[in-house]
Amino acid sequence: MRSAYVDTNRGQVVVQAGATNGIVSDVMAPFNVAISQGRCPTVGIAGLTLGGGFGYSARSFGLTCDHLIETTMVCADGSIKVCNKDSEPDLFWACRGGGGGNFGINTSFTYAVREVSNVSVFQIHWQGVNACKAMLAAFQAIMPSAPDEFSVRIGITVNAAGAEPLATVNGQLFGSVSELTEILAPALSAAAPADQDIKEMTYWQGKDFLADLEGPSCYAERSRYVTDPLPSEAIEVIFDRLAQWPGGGSATAKLFSWGGAISRIPRDATAFVHRDALFLASFSVGWPTQTPSDGAQTELEWLNLTFDAFLLYTVAESYQNFIDPALIDWQTAYYGENLERLMSIKAVYDPTDFFQFSQGIPLPVGQRESSIVALEHPTWWKNPRGSTAVAPTISYLS
Ligand SMILES: Cc1cc2nc3c(=O)[nH]c(=O)nc-3n(C[C@H](O)[C@H](O)[C@H](O)COP(=O)(O)OP(=O)(O)OC[C@H]3O[C@@H](n4cnc5c(N)ncnc54)[C@H](O)[C@@H]3O)c2cc1C
């Protein structure tokens, strides 16, 4: 189920749930209309939308889920529900940030599109600790007053123990190269970049310029939101931790610009609660597939220590689409004060907890035990690999 089409009369793109970012872009491009999407063409539109969805246009357009005007779902009882602001409004609310795999199987999504023409895009590298620190400090001053049309991703990577860090900074402006250069000027003058590429092109050429086309790899990422510019001591923590990375594959500290249109939607208007951030911060490690398990463990230990060291400079919120098995406070970190309403919606639409996984929205406390008794899956529920009906493992948080 991967087809998609643009309805020019309604200003919508209608997408089946198996479509990827790449498919949706290819369908919209001939009409010069777009929705916010990430930079990786292989990411599925379903998971992206259900957990929020950000990309270089999100400060202008809002998140992928903010474009959503309707979705069709198959619920736990087998019923098909059309969800929009008038029909099943609670479920529609939950489908905008409540996370995939929690309430049913979404089969299609309808989004309101925005017209696009040209953008200015950039990719700039800074090499070495001092240059990277100066650049990072400059962006702390740039972002609080940056126009919505501007967006940036900062990635600072080390790929050998003790190696000099390399910052790859890229992004987009709905505006001209001269406007973009003006916004970037404090960072460009803070430290000389190793190289820079700044140019104007069509929105779709810009998408390709900024695309992440890396293949699958062994990888872990942990995220936290930042609401204020990072103080210099937080920047020191980032570089101290990169200097202590033991080596193996690579380690990256990232900041994704947030705010703009994302922040103009109230925290409770959709299930997506992270509306007040300045940056989404994350740390990631990647290691070659042939790495022995103790090598991977070393990478993960560094990741966890780095995440803990940085917590002081963040708010207790994490991005639900960077799902993080090591997160202890995941329920509130992903959903904040919206968790309670999500649990109530779960109780109405999935009272037997048919759709569950280790970080799935739980049923309200009083309903958890009774759901164990009542757990009778429809007879058509089959193990996808065979014909035997298998009930999913039941695991509840204490
Ligand atoms: C390489 C890479 C790049 C990324 N870049 C970005 C980015 O730029 N911006 C961003 O916001 N995020 C990004 N992400 C994170 C991405 O949003 C999440 O990984 C998202 O969950 C992917 O959705 P999926 O459908 O591809 O994944 P899946 O793993 O298939 O699904 C994710 C969850 O949604 C559920 N689900 C899937 N389909 C449905 C459906 N039809 N109905 C109900 N539930 C469903 C699954 O059960 C699962 O719980 C990236 C991830 C990767 C791996």
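What counts and how
- Residues numbered from 1 in each chain as written.
- Predicted model: local features only at pLDDT ≥ 70, side-chain atom pairs only at ≥ 80, totals over all residues.
- Heavy atoms only, no water.
- Near = heavy atom within 4 Å.
- Polar contact = N/O pair within 3.5 Å; in protein donor to acceptor, adjacent residues only side chain to side chain.
- Areas by Shrake-Rupley, 256 points an atom, 1.4 Å probe, with all protein chains shown as cover.
- Helix = DSSP H or I, 4+ residues; strand = E, 2+ residues; numbered from the N terminus.
- Domains from an automatic or database assignment.
- Salt bridge = Lys/Arg side-chain N within 4 Å of Asp/Glu carboxyl O.
- Buried < 20%, exposed > 50% of the residue type's maximum accessible area, 1.4 Å probe, protein only.
- Contact = heavy atoms within 4.5 Å.
- Axes fitted to C-alpha atoms, helices over the stretch in contact; angles between N-to-C directions.
- Left-handed = near helix turned anticlockwise from the far one by under 90°.
- Nonpolar A, V, L, I, M, F, W, Y, C, P; charged D, E, K, R; others polar.
- Buried area = accessible area lost by both parts, 1.4 Å probe.

A look at the site of the ligand
Lining the immediate surroundings of the ligand are 20 residues, of which Gly-44, Phe-54, Gly-101, Asn-106 and Tyr-319 lie closest. The separation between a nitrogen atom of the ligand and a polar main-chain atom of Phe-54 is 2.8 Å. Between the ligand and the protein, one listed contact pairs an oxygen atom with a side-chain N or O atom of Tyr-319 at 2.6 Å. Relative to its free-state accessible area of 950 Å², the ligand is covered by the protein chains to the extent of 60%. Of all elements in the fold, only α2 (45-50) and β6 (105-112) reach the threshold of two or more residues within the shell around the ligand. Here the element with the most residues in the shell around the ligand is α2; it accounts for 4 residues. Looking at which domains feed residues into the shell around the ligand, each of domain 1 (4-115) and domain 2 (118-327) gives three or more.

Overview of the pattern of salt bridges
Evaluation of the coordinates by the stated rule reveals 16 salt bridges. Salt-bridge contacts for Asp-7 lead to Arg-10; the nearest nitrogen and oxygen are separated by 3.9 Å. Between Arg-267 and Asp-276 there is a salt bridge, with its nearest N and O atoms 2.6 Å apart. Take Asp-276: its relative accessible area is 43%, and that puts it in the partly exposed class.

A few points about the environment of Ala-316
For Ala-316, the location among the structural elements is in the loop between α9 (293-310) and α10 (330-335). Of the residues examined, Ala-316 reaches a relative accessible area of 49% and is grouped as partly exposed. Once the C-alpha coordinates of Ala-316 and Ala-243 are considered, the two residues, 73 residues apart in sequence, prove to be 26 Å apart. Residue contacts for Ala-316: discarding those within four places in its chain leaves Arg-224, Asp-329, Thr-332 and Ala-333.

A few points about the packing of helix α5 (residues 129-142) against helix α8 (residues 232-243)
Any two packed helices are characterised by the angle at which their axes cross and by the distance between the axes. Running from amino to carboxyl end, α5 crosses α8 at an angle of 145°, the nearest separation of the two axes being 11 Å. The handedness of the crossing between α5 and α8 comes out as right-handed. Facing Val-129, Cys-132, Lys-133, Leu-136, Ala-137 and Gln-140 of α5, the residues of α8 in contact are Ile-235, Glu-236, Ile-238 and Phe-239. For the contact of α5 with α8, the per-class residue count stands at 7 nonpolar, 1 polar and 2 charged.

Remarks on unusual backbone geometry
If a residue is not glycine, its phi is most likely negative; likewise, a peptide bond is most likely trans. One non-glycine residue, Asn-32, lies in positive phi territory at about 50°. For Asp-353, which is not glycine, the phi dihedral falls at a positive 55°.

Some details on the side chain of Gln-359
Tracing the sequence through the fold places Gln-359 in the loop between α11 (339-349) and α12 (365-373). A distance of 2.9 Å separates the side chain of Gln-359 from the backbone oxygen of Asp-324, its partner in a polar contact. Within polar-contact distance, the side chain of Gln-359 engages the side chain of Tyr-334 at 2.6 Å.

Some points on the domain arrangement of the protein
Partitioning the protein into domains gives domain 1 (4-115) and domain 2 (118-327). Between the C-alpha centres of domain 1 and domain 2 the distance comes to 25 Å. Taken together, the 32 residues of domain 1 in the interface contact 38 residues of domain 2. Carbon and sulfur atoms supply 55% of the area that domain 1 and domain 2 bury against each other, a total of about 2,700 Å² over both sides. Among the residues domain 1 hides against domain 2, the three largest losses belong to Arg-39, Tyr-56 and Arg-59. Together they make up 36% of the total. Here domain 1 is connected to domain 2 by 1 salt bridge. Asp-66 is the salt-bridge partner of Arg-275, the closest N and O atoms lying 2.8 Å from each other. Here domain 1 is connected to domain 2 by 24 residue pairs in polar contact (both at pLDDT 80 or more).

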